[in-house]
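The primary structure of each chain is shown beneath.
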Amino acid sequence: MPFVFPPQPVPSVAVHGESARFPVRRIFCVGRNYAAHVREMGKDPDREAPFFFTKPADAVVESGATIAYPPLTNNLHHEAELVAAIGREGFAIAEEDALEHVFGYAAGNDLTRRDLQFEAREAGRPWDWAKAFDRSAVCGPIRRAAEIGHPLSGRIRLDLNGSTRQEADLAEMIWSVPEIVSILSRSVRIMPGDLVYTGTPAGVGPLVPGDVCTVTIDGLDPLTFAIGERTNS
Ligand code: MN
């Protein structure tokens, strides 16, 4: 089928130790999934059903990148997160079957324009402009679940310029990976290539040009990125 102009390349992420890459289809993110972070955002943690927001697939950016400080914000925040990479299609998946749909895991960062998020929240508007901007979905190399298993517990930590800002255990998630995948799959048919950002622990905070962030999760490859100058192009 001809196109009126060449389609953009498929966004993708490295897979640990392999030359073949993980093709990214969609990016889903869970909001408020660690109680201490819910409290620091001024909300009450409870087991209200998890909610999701999305980022464009081409917002994905890999470890080692320098990310220009994005437009429209003066309060760019880091959010260290475990990323579950979906490898098998499914709809209305039972929780006990959910992990069979996960190809692997990566350390991620859900970059957030916090000032725009608070404005949207107060006005009852969508979060898109706070969350779904260019290069907002930082994702480290994916480790295959077939090799490392499923990291349902273990340390998740974010270091900013060498000092620890976020630290928690994956077991503290309000909604676990099998629960998230099962619930997500009741709303949309999940597909190979979908990435699921599973929420951030407490300790989110601002980034400025020159900052270097590292996210480490037990058993996964570390994710490192830097923030560059604000650009006007
Ligand atoms: Mn997040």
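The structure contained in this document is the topic of the report that follows. Quantities reported herein were computed from a predicted structural model and do not represent experimental measurements.

A few points about the coordination of the manganese ion
Then, in step 1: Distances from the manganese ion to its protein donors, Glu79 (OE), Glu81 (OE) and Asp110 (OD), fall at 2.0 to 2.1 Å.
Then, in step 2: For the manganese ion, the donor residues sit on a single chain with the sequence spacing E-x1-E-x28-D. In this pair, Glu81 is assigned in strand E8 (residues 80–86) and Asp110 in strand E9 (residues 102–110), connecting sequence segments 29 residues apart. Side by side, Glu81 and Asp110 carry an identical accessibility label, which is buried.

Structural notes on the sheet that holds strand E6 (residues 66–68)
Then, in step 1: Strands sit in the order E6-E18-E17-E13-E14 across an open sheet of five strands; the sheet is mixed. Looking along the sheet, the strands with just one partner apiece sit at the ends: E6 and strand E14 (163–169). Along the sheet, successive strands turn relative to each other by an average axial angle of 20°, direction set aside.
Then, in step 2: The sheet contact formed by E6 and strand E18 (residues 223–228) spans three bridges and is parallel. Opposite Ile67, over in E18, you have Ile227 as the bridge partner.

Considering the packing of aromatic side chains
Here a ring pair, both rings aromatic, is described through the centre-centre distance and the interplanar angle of the planes.
Then, in step 1: What the rule picks out here adds up to three aromatic pairs.
Then, in step 2: Centroid distance Phe22 to Phe103: 5.6 Å. Interplanar angle 45°. Geometry classified as tilted. Of this pair, Phe22 sits in strand E2 (residues 21–23) while Phe103 sits in strand E9; the two residues are 81 residues apart in sequence, bridging distant segments of the chain.
Then, in step 3: Here the aromatic rings of Phe51 and Trp127 are separated by 5.4 Å at their centres, their planes lie at 85°, and the arrangement is edge-to-face. Here Trp127 lies in the loop between helix H2 (114–123) and helix H3 (128–131) and Phe51 lies in the loop between helix H1 (35–40) and strand E4 (52–55), a separation of 76 residues in the sequence.
Then, in step 4: An aromatic cluster of at least three residues, connected via ring pairs, comprises Phe51, Phe53 and Trp127.

How each quantity is defined
- Residues numbered from 1 in each chain as written.
- Predicted model: local features only at pLDDT ≥ 70, side-chain atom pairs only at ≥ 80, totals over all residues.
- Heavy atoms only, no water.
- Donors = N, O, S within 2.8 Å, 3.2 Å for Na, K, Ca; no water.
- Helix = DSSP H or I, 4+ residues; strand = E, 2+ residues; numbered from the N terminus.
- Buried < 20%, exposed > 50% of the residue type's maximum accessible area, 1.4 Å probe, protein only.
- Pairing = 2+ DSSP bridges.
- Axes fitted to C-alpha atoms, helices over the stretch in contact; angles between N-to-C directions.
- Phe/Tyr/Trp six-rings, centres within 6.5 Å; stacked < 30°, edge-to-face > 60°.

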